[in-house]
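A structural walkthrough
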Amino acid sequence: MAGIISYGAYIPLWRLSRDAIAEAWGSGSIGGERSVANNDEDAITMAVESAIDCLGGFGREDVDGLYFASTTPPYKEKECATLVAAAADLKPEIVTADFGNSLRTGTAAVRAALDAVNSGSAKNVLVTASDCRTGYPRSNYEQSFGDAAAAVLISDAARPAVIMENSYSISNEMYDVWRLDKDTYVQSWEDRFIIEHGYTENMRKAISGLMKKQGLSAKDISKAIFYAPTARSQQGLARTFEFDAKTQLQDLLVSDVGISGCAHVLLMLVAALEEAKPGDRLLVASYGSGADAFLLQVTGEIEKIEGSRRGVKGFLNSKKSLPSYVKYLSYRGLLEPQPGEPFRLFPAATTSWRERNWAIRMHGSKCKNCGTVHFPIERVCYGCRSKDNYEEVRLSDKKAKVFTYTLDNLAGRSDDPTVPQLTVEFEVGNARSYAVMTDCDPKEVSIGMPVEMTFRRMYEGAGMYNYFWKCRPIR
C-alpha cells in the first residue's frame, strides 16, 4: 500500500515583521511575522531545499519520480521538475511532472504520486510544493502571505510511516483568488463571499464527504490539518465539525510564516508529522477551485525516520529579521535598487546542458588513481596527471568550511552592497571551490567558519535564469 516514508520542509532565513509593513502604509498590523525569500531564491530553489531535507538518509538512486507543484514557477514551456530533480541529484531515468494553476496543486501532486505508486508505474515518488506569491502593496495579502516549500516521499514500502486510508475530492468553478497570465499580484473577490461560498462551503463538502465515507466523527481524529486563508476561517471550519481548536487543530503557521500557497497544507502536514505518534489519525484538507480531503494513519515507522532533517521546527528556529519593508520590496523585485557590477557572462543552452553535472548537480571528479577530488569536474587530475580516470562524487550535501575569503564592496546591489566571495574546502578529499556566500552578515564571515551549500538563482541573461550553488552559514 502506498504511503509516506519521509518528509521535509524549507522556510527562508529572512522574516519581516508585519508591524513594519503596517507602519510603512500607516495601516493596521495582523501581528507576527512572515517569511521572505531572499533575492536569489524562487519556487525552484526552495523546492530543491525541501527535497534535500526530505531525502536525508534515503538513497537518491531509489527515487524514480519527482513532481513539482507551484503557482509561481519561474518558467513556462520548460519543465521545472527536471531542474529540481537534477539539483537534488536524482538519476535521469525518472518520471517528472509540473503541477500548477491552483492552490490545491500540492495535494493534486500527492494524489497523482499515490496513484502512480499504487498502479506500479513507480516505486518512490518525491512530491515537492513551493510558492512565492506576491500580494498588492498595502493589501491584506501582503501581510498574510509567506514563502516556503515542503516535500513528501511517496513509496510502496511494506510499512510506510503514514498510510493513506482514503480520500475525497470535489471540483468547484468560481473566481475567488486568481492571477491572469500577465499579473504580478494575486487578485481576489470580496472576502466575505470567497470565504463563505468558496472556502467554507467546499471544505465542508470534502471533509464531511470523507468522514461519512469512513464512518468517522471528530473524536476519531488526532489532528485536523486544514489549509485556510486566515486563522479565523480555519477555526470556524473546525467548529463546524466540533474539533477542539486547542488539541485537535493543527497550527496554521500564519503568525510566524504566513500562508505559503500550494505548499502550505504540506508544510502543515510536515509540522504535524514531526509531533505524530503511532496510531494517530490525521485529517488533511486543502482548498483551491474545490477541495481535497485525505485520511492518514500514522504507523510505528514514524519513529524510525531519522532526525537529521531540519523540517518545519528547524527552519522556524533558524531565522533573521529583514531590517526594513523597503528591503522586502527590493527582494521581491517591486522596487529596483541600484544594480551592482553586472555579470559579463551570457548563458547558453548548449553550455548549460554540457556542464549540468557539475553546475546543477554539483558533482566533483574523484581520481581513481590517487583519490584527489576536483571541482568543477576535471578530465586531467592535477594530483597525478592521469586522464579520464575518475568517478563523479556529489558535493552539494557535504560539510565544508571557509578556507579564505574577501568582502567585495563593488559587486553587490545597493540593498546588499557587500558580497562575500570565498574559497570553501570540503570534507571530501579537501576539495576546494570558489563560492559566493548568501543569507549572511558579511561582518561575521571568518576563516574556518562551517558552511553548507544552497542552490540559488544567480542572474538572468539571454532570456534564461542562471542557477548555481552558493554557500551559507549552517542553519
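If you're wondering where the values come from, they're calculated on a predicted model, not measured in any experiment.

Let's talk about the sheet that holds strand 3 (residues 33-36)
Within the open sheet, the 3 strands sit side by side as 3-2-14. Their pairing is mixed. If you trace the sheet from one side to the other, it starts and ends with strand 3 and strand 14 (320-321), each paired once. Sheet contacts for helix 1 (residues 18-25): strand 2 (14-17) and strand 3; angle to strand 2, the most-contacted strand, approximately 50°.

Quick notes on the side chain of Asn-202
Considering the arrangement of structural elements, one finds Asn-202 in helix 6 (residues 191-214). When its relative accessible area of 4% is taken as the criterion, Asn-202 is described as buried.

Re the environment of Gly-28
Counting through the fold element by element, Gly-28 comes out in the loop between helix 1 and strand 3. According to the relative accessible area criterion, Gly-28 is exposed, its value standing at 57%. Distance in space between the C-alpha atoms of Gly-28 and Pro-339 is 33 Å, their sequence separation being 311 residues. When near neighbours in sequence (up to four residues on either side) are disregarded, Gly-28 contacts Ala-22 and Gln-143.

Things to note about the pattern of salt bridges
A full pass over the atoms with the stated rule returns 27 salt bridges. Between Arg-457 and Asp-42 there is a salt bridge; the shortest N-O distance is 2.8 Å. Highlighted residues: Arg-457 in strand 21 (residues 450-461) and Asp-42 in the loop between strand 3 and helix 2 (43-54), separated in sequence by 415 residues. One salt-bridge network, in which partners are shared between bridges, spans Arg-60, Asp-89, Arg-361, Arg-394, Asp-397 and Lys-398.

Looking at the layout of surface pockets
For the second largest pocket, the calculated volume is near 790 Å³. Along the walls of the second largest pocket sit 35 residues, with Asp-191, Ile-195, Pro-229, Thr-230 and Ser-233 positioned nearest its centre. Looking at the lining of the second largest pocket, the elements with two or more residues in it are helix 5 (140-144), helix 6 and helix 7 (231-240). By residue number, the principal contributor to the lining of the second largest pocket is helix 7, which donates 7 residues.

Concerning the nonpolar core
Within the largest apolar cluster, 84 residues are counted, with the highest numbers of intra-cluster contacts made by Ile-154, Phe-226 and Phe-243. If one sorts the elements of this core by residue count, helix 8 (residues 264-273) sits on top with 9 residues. Ignoring any residue separated from it by four or fewer positions in sequence, one finds Phe-243 in contact with Met-211, Ala-218, Ile-221, Ala-224, Phe-226, Ala-238, Gln-248 and Leu-283. Counting residues in hydrophobic clusters, the runner-up holds 50 residues, among them Ile-360, Val-393, Phe-426 and Met-449.

Calculation criteria
Counting starts from 1 at the beginning of each chain's written sequence and moves along it residue by residue. For this predicted model, a pLDDT threshold of at least 70 governs which residues receive local features, and a threshold of 80 or more governs which side-chain atom pairs are given and counted, while totals over whole chains, interfaces and linings are taken from all residues. The side-chain numbers reported here are obtained from all heavy atoms of the structure, hydrogens and water having been left aside. Paired strands are those between which DSSP finds at least two bridges. Segments assigned H or I by DSSP are reported as helices when at least four residues long, segments assigned E as strands when at least two residues long, and all are numbered from the N terminus. Note on contacts: a residue pair qualifies if any of its non-hydrogen atoms lie within 4.5 Å across the two residues. Axis geometry follows a simple rule: fit a line to the C-alpha atoms, using only the stretch in contact for helices, then measure angles between N-to-C directions, giving values from 0 to 180 degrees. The cut-offs for exposure are 20% and 50% of the maximum accessible area for each residue type, with area from a 1.4 Å probe on protein chains only; residues under the lower value are buried, those over the upper are exposed, and the others partly exposed. Only one rule defines a salt bridge in this text: a Lys or Arg side-chain nitrogen within 4 Å of an Asp or Glu carboxyl oxygen. A 1.4 Å probe that fits but cannot get out identifies a cavity on a 1 Å grid over protein atoms alone, an open set with protein on both sides within 12 Å along at least five of seven lines counts as a pocket, and a residue lines either if it has an atom within 4 Å of a point. Grid points are joined across faces, edges and corners, and a volume is the space filled by probe spheres set on the points. In this text, buried Ala, Val, Leu, Ile, Met, Phe, Trp, Tyr and Cys residues form a nonpolar core when linked through side-chain atoms within 4.5 Å.

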